[in-house]
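# Analysis of the macromolecular model
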There are 2 protein chains.
Amino acid sequence: MVIDSNFYMSLAIAEAWKYQGLTYPNPAVGCSVVSENGELLAVQAHKKAGSPHAEVQALKSAYYQLTKDEYILQKENSADIHNYLIKNHNNIFQNCSIYTTLEPCTSIGKTPACANLINKLKIKKIYIGSNDRYQNDFNNDARFGILKQECDELLEPFNLWQKDKFVFFKWAQRLDGSTDGVVSTIKSRKNVHAMRNLCDLLVIGGGTVRADRPTLDARLVDGKAPDILIYSRQKEFDKTIPLFNVKSRKVIISDNLSHIDGYKNIMIEGSKKMMELTKEITNFYLCYLHFADKFDVINAKKEDIISWMKQLPKRI
Amino acid sequence: MVIDSNFYMSLAIAEAWKYQGLTYPNPAVGCSVVSENGELLAVQAHKKAGSPHAEVQALKSAYYQLTKDEYILQKENSADIHNYLIKNHNNIFQNCSIYTTLEPCTSIGKTPACANLINKLKIKKIYIGSNDRYQNDFNNDARFGILKQECDELLEPFNLWQKDKFVFFKWAQRLDGSTDGVVSTIKSRKNVHAMRNLCDLLVIGGGTVRADRPTLDARLVDGKAPDILIYSRQKEFDKTIPLFNVKSRKVIISDNLSHIDGYKNIMIEGSKKMMELTKEITNFYLCYLHFADKFDVINAKKEDIISWMKQLPKRI
């Protein structure tokens with residue numbers, strides 16, 4: 001294995017993928033910090049909108065790693081971390097390198113600008129993956145395009161919801177492709193509930209609603225329940241099915257998928273049949289792959305989906 | 001992500017898995033080296049029997065990383081690397097840490113003892129994953145049991161062929177569980193050929209032989225072809241099928257699986273039907289999982305196999 005800038009960037013990318021979809025409406029971003037001596041000090045990611053950006057999380061961890069100053073650990077708000085680091089950095093970062101999957105932000109939004117923090121801390125080198133939107137003049141020595149393709153892939157959901165809407169099919173399966181019975185573990189279900197908490201609409205097939213009588217909320221993460229579009233030609237449903245009795249939720253029953261218009265972050269759950277029926281509106285596929293006692297969230301590519309589609313006549 | 005001894009050990013484990021099966025009859029072993037300043041200097045693995053052990057590969061890379069002395073890069077033989085490092089280390093390793101998935105060897109075999117090299121280089125700290133066989137007195141400061149379970153898993157094939165025989169089912173599929181048509185890419189086929197080169201017997205079903213007319217050799221890696229057991233009740237085969245015309249190969253046609261006795265490293269290739277028919281003799285499952293343009297070799301656990309088995313009545 002070669003230990004180079006691609007290696008440190010790939011750690012940042014892998015960390016960011018763990019929070020893909022969960023950073024809505026922000027992009028998934030990861031960041032590694034390497035010390036003057038080449039020590040890997042931190043690998044962190046942006047975890048949710050409003051919380052510190054990946055660079056801030058990573059610089060917080062790196063600062064603690066270098067100083068063991070426990071005060072920093074109490075700072076959770078982005079502005080507080082910014083201020084604390086700017087006040088106390090004592091030039092410890094001046095020969096550090098930072099690897100960030102996306103060019104650091106320069107504007108002050110819900111959180112202060114990362115580019116400003118990086119400049120103030122006098123970080124020596126910045127390695128950047130994606131910079132589609134603009135190219136900054138950094139005071140620091142900056143290198144662009146590190147693992148650009150993989151960093152760009154990470155941004156795909158963000159680009160979709162920026163442009164119009166993110167419509168992703170959530171596919172859960174075992175390693176053998178089977179989906180019968182209970183596929184998910186408590187850990188993967190928690191991840192799905194965290195995704196639902198951020199979605200404004202969940203699309204599900206009428207057959208599944210009748211068979212499983214689901215609630216389709218985000219209770220495992222104490223989150224809010226999305227609106228539901230039950231895709232069904234048959235409009236009659238037993239209204240004691242729990243999903244109908246979740247507060248502040250709209251339930252649409254229709255065989256017209258244009259009801260997704262006006263929503264931004266849309267999850268479709270279902271089987272291969274549902275995948276086939278919704279392929280025209282779907283623009284992203286996330287596969288929850290279960291094997292042994294683990295699960296991986298895989299960004300299933302168009303090619304895989306085409307393969308699934310090919311299998312359909314044989315499998316159903 | 002926490003950057004601690006588990007992190008550096010996990011890099012060594014992941015690197016070792018890339019060569020699982022290919023180190024036969026040696027165990028798969030990985031090794032990371034971290035400098036006095038905490039810089040990750042090397043992550044390497046043992047690649048094949050007779051070639052340098054993981055620790056030697058890693059120390060060679062680490063030495064080059066620290067010194068940029070290009071002479072070391074010309075040394076490929078284990079004894080040569082040992083000698084060169086012992087002569088030229090100049091105490092550069094004395095505050096380094098080494099993370100090795102298996103306790104370093106203490107006996108001189110095809111290659112000099114790693115424990116001796118580590119002592120001579122005055123490496124400060126040794127972090128060890130597995131040490132099932134014996135526990136050494138290291139002059140160096142040693143910590144045992146780092147990610148022990150994962151390091152032990154890595155040794156499972158080695159333990160099996162040490163005890164009696166390693167009988168693994170090689171399963172190739174796409175992410176959707178489908179196996180029809182051409183599943184493998186040139187990269188995954190090369191890996192399979194490298195495995196065949198080390199196997200002494202390959203077990204395959206009669207139906208596959210008749211349908212695919214395979215050669216079943218290791219030509220993609222210029223390797224030797226294993227003996228073949230065609231598992232078939234029907235003994236008549238068209239002898240122009242290429243596998244019958246590979247030099248220095250024995251072909252057995254039988255419906256008696258006890259023909260595997262006397263062989264040590266046995267690969268079974270085939271479909272779900274073949275997996276079912278050979279489950280009594282199989283003691284390891286390797287899944288070549290293809291998705292997008294990538295493939296991963298996954299150590300499919302018993303639970304996955306049970307899941308496959310459950311699927312059988314429905315799927316065939």
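The structure displayed is predicted, hence computed values, not measured ones.

What counts, and where the lines are drawn
- Residues numbered from 1 in each chain as written.
- Chains lettered and ligands numbered in written order.
- Predicted model: local features only at pLDDT ≥ 70, side-chain atom pairs only at ≥ 80, totals over all residues.
- Heavy atoms only, no water.
- Helix = DSSP H or I, 4+ residues; strand = E, 2+ residues; numbered from the N terminus.
- Buried < 20%, exposed > 50% of the residue type's maximum accessible area, 1.4 Å probe, protein only.
- Contact = heavy atoms within 4.5 Å.
- Areas by Shrake-Rupley, 256 points an atom, 1.4 Å probe, with all protein chains shown as cover.
- Lys, Arg positive; Asp, Glu negative; His and termini not counted.
- Charge placed at Lys NZ, Arg CZ, Asp CG, Glu CD.
- Core = buried A, V, L, I, M, F, W, Y, C linked by side-chain atoms within 4.5 Å.
- Phe/Tyr/Trp six-rings, centres within 6.5 Å; stacked < 30°, edge-to-face > 60°.
- Right-handed = clockwise from strand over helix to strand, strands pointing away.
- Pairing = 2+ DSSP bridges.
- Axes fitted to C-alpha atoms, helices over the stretch in contact; angles between N-to-C directions.
- Salt bridge = Lys/Arg side-chain N within 4 Å of Asp/Glu carboxyl O.
- pLDDT = per-residue confidence, 0-100.
- Polar contact = N/O pair within 3.5 Å; in protein donor to acceptor, adjacent residues only side chain to side chain.
- Parallel < 35°, antiparallel > 145°, perpendicular 65-115°, else oblique.
- Left-handed = near helix turned anticlockwise from the far one by under 90°.
- Nonpolar A, V, L, I, M, F, W, Y, C, P; charged D, E, K, R; others polar.

Further remarks concern the overall build of chain A. Of the regular secondary structure elements, chain A holds 10 helices and 12 strands. Along the first, second and third principal axes, the C-alpha atoms of chain A reach 65 × 40 × 35 Å. Buried positions account for 55% of the 316 residues belonging to chain A. Within chain A, counting contacts between residues at least 6 apart in sequence, those at least 24 apart form 66% of the total. Surface summary for chain A: the accessible area is close to 14300 Å², and the carbon and sulfur share equals 47%. Of the side chains in chain A, 43 bear a positive and 36 a negative charge, and the two mean positions are spaced by 4 Å.

In this structure, A:Tyr8, A:Leu40, B:Tyr8 and B:Leu40 are the most contacted members of the largest nonpolar core, which totals 94 residues. Non-local contacts of B:Leu40, meaning those with residues more than four positions away in its chain, are made with A:Ile3, A:Phe7, A:Tyr8, A:Gly38, B:Tyr8, B:Leu11, B:Ser32, B:Val33 and B:Val34. In terms of nonpolar packing, the next biggest core, distinct from the first, is built from 42 residues, A:Tyr231, A:Ile266, A:Ile281 and B:Ile266 among them.

This paragraph deals with the packing of aromatic side chains. Residue and element names in this part refer to chain A. For the structure on display, the rule yields 22 aromatic pairs over all chains. Ring centres of Tyr8 and Tyr99 lie 5.5 Å apart, and the angle between their planes is 40°; this geometry places the pair in the tilted category. Here Tyr8 is found in helix α1 (residues 5–17), whereas its partner Tyr99 is found in strand β3 (residues 97–102), with 91 residues between them in sequence. Like Tyr99, Tyr8 is buried.

Residue and element names in this part refer to chain B. Where burial is concerned, most of strand β4 (residues 125–130) is hidden: five out of the six residues are buried. Crossover connection from strand β3 (residues 97–102) via helix α4 (residues 114–120) to parallel β4: handedness right-handed. Where β4 meets strand β5 (residues 141–143), three bridges bridge the pair, whose relative direction is parallel. Following the sheet pairing, Lys125 is matched in β5 by Asp141.

The pairing of strands in a sheet happens through backbone hydrogen bonds and is either parallel or antiparallel. Residues and elements named next belong to chain B. Spatially, β2-β1-β3-β4-β5 is the arrangement adopted by the five strands of the open sheet, whose pairing is mixed. The two strands at the open ends of the sheet, each matched to only one other strand, are β2 (40–45) and β5. Each strand of the sheet is rotated relative to its neighbour by a mean of 15°, with strand direction disregarded. Relative to β4, β3 runs parallel, the two being bridged by five bridges. In the strand pairing of β4, Thr100 is matched with Ile128. Sitting on the sheet, helix α2 (residues 54–67) touches β1 (30–34), β2 and β3, and the angle it makes with β2 is about 150°.

Charged atoms that come close allow side chains of opposite charge to pair. Residues and elements named next belong to chain A. In this structure the tally under the stated criterion is 19 salt bridges over all chains. For Asp152, the salt bridge is made with Lys148, and the minimal N-O distance between the two is 2.9 Å. Note that Asp152 and Lys148 are positioned in helix α5 (residues 148–154) at a spacing of four residues, about one turn of the helix.

Attention shifts here to the confidence of the model for chain A. Residue and element names in this part refer to chain A. Of the residues in chain A, 91% reach a pLDDT of 70 or more, and the chain-wide mean stands at 89. Note that residues 309–316 has pLDDT below 50 and, in this model, 16 contacts with residues that lie over four places away or in other chains. The ipTM for the predicted assembly is 0.78, set against a pTM of 0.85.

Turning to the side chain of B:His193, a few remarks are in order. Residue and element names in this part refer to chain B. Checked against the element boundaries, His193 lands in helix α7 (residues 186–198). A relative accessible area of 3% means that His193 is categorised as buried. Within the structure, the side chain of His193 is placed 3.1 Å from the backbone nitrogen of Leu220, a separation counted as a polar contact. Residues within four places of His193 in sequence aside, it is in contact with Asp217, Ala218, Arg219, Leu220 and Val221.

So, on to the packing of α2(B) against helix α3 (residues 78–88) of chain B. Residue and element names in this part refer to chain B. Packing of α2 against α3 brings their axes to within 10 Å, and their N-to-C directions diverge by 45°. When the axis of α2 is compared with that of α3, the two are oblique. In this structure, α2 crosses over α3, and the sense of that crossing is left-handed. Residue-level contacts link Val56, Leu59, Lys60 and Tyr63 of α2 to Ser78, Ile81, His82, Tyr84, Leu85 and Asn88 of α3. Taken together, the residues of the contact of α2 with α3 sort by class into six nonpolar, three polar and one charged.

Glancing now at the sheet that holds strand β1 (residues 30–34) of chain A. All names here are of chain A. Taken together, the five strands give an open sheet; going across it, the order is β2-β1-β3-β4-β5, and neighbouring strands pair in mixed fashion. Edge positions in the sheet fall to β2 (40–45) and β5 (141–144), since each has one partner strand and no second. For this sheet, the mean inter-axis angle between neighbouring strands, taken without regard to orientation, is 15°.

Bringing the environment of B:Arg213 into the picture now. Residues and elements named next belong to chain B. Tracing the backbone shows Arg213 in the loop between α8 (206–212) and β8 (227–231). The class of Arg213 is partly exposed, set by a relative accessible area of 35%. Distance from Arg213 to Lys224, taken between C-alpha atoms, is 19 Å for residues 11 residues apart in sequence. What Arg213 contacts, discounting residues up to four positions off in sequence, is Thr208, Asp238, Thr240, Ile241 and Pro242. Within the structure, Arg213 has its side chain in polar contact with the side chain of Asp238 (distance 2.9 Å).

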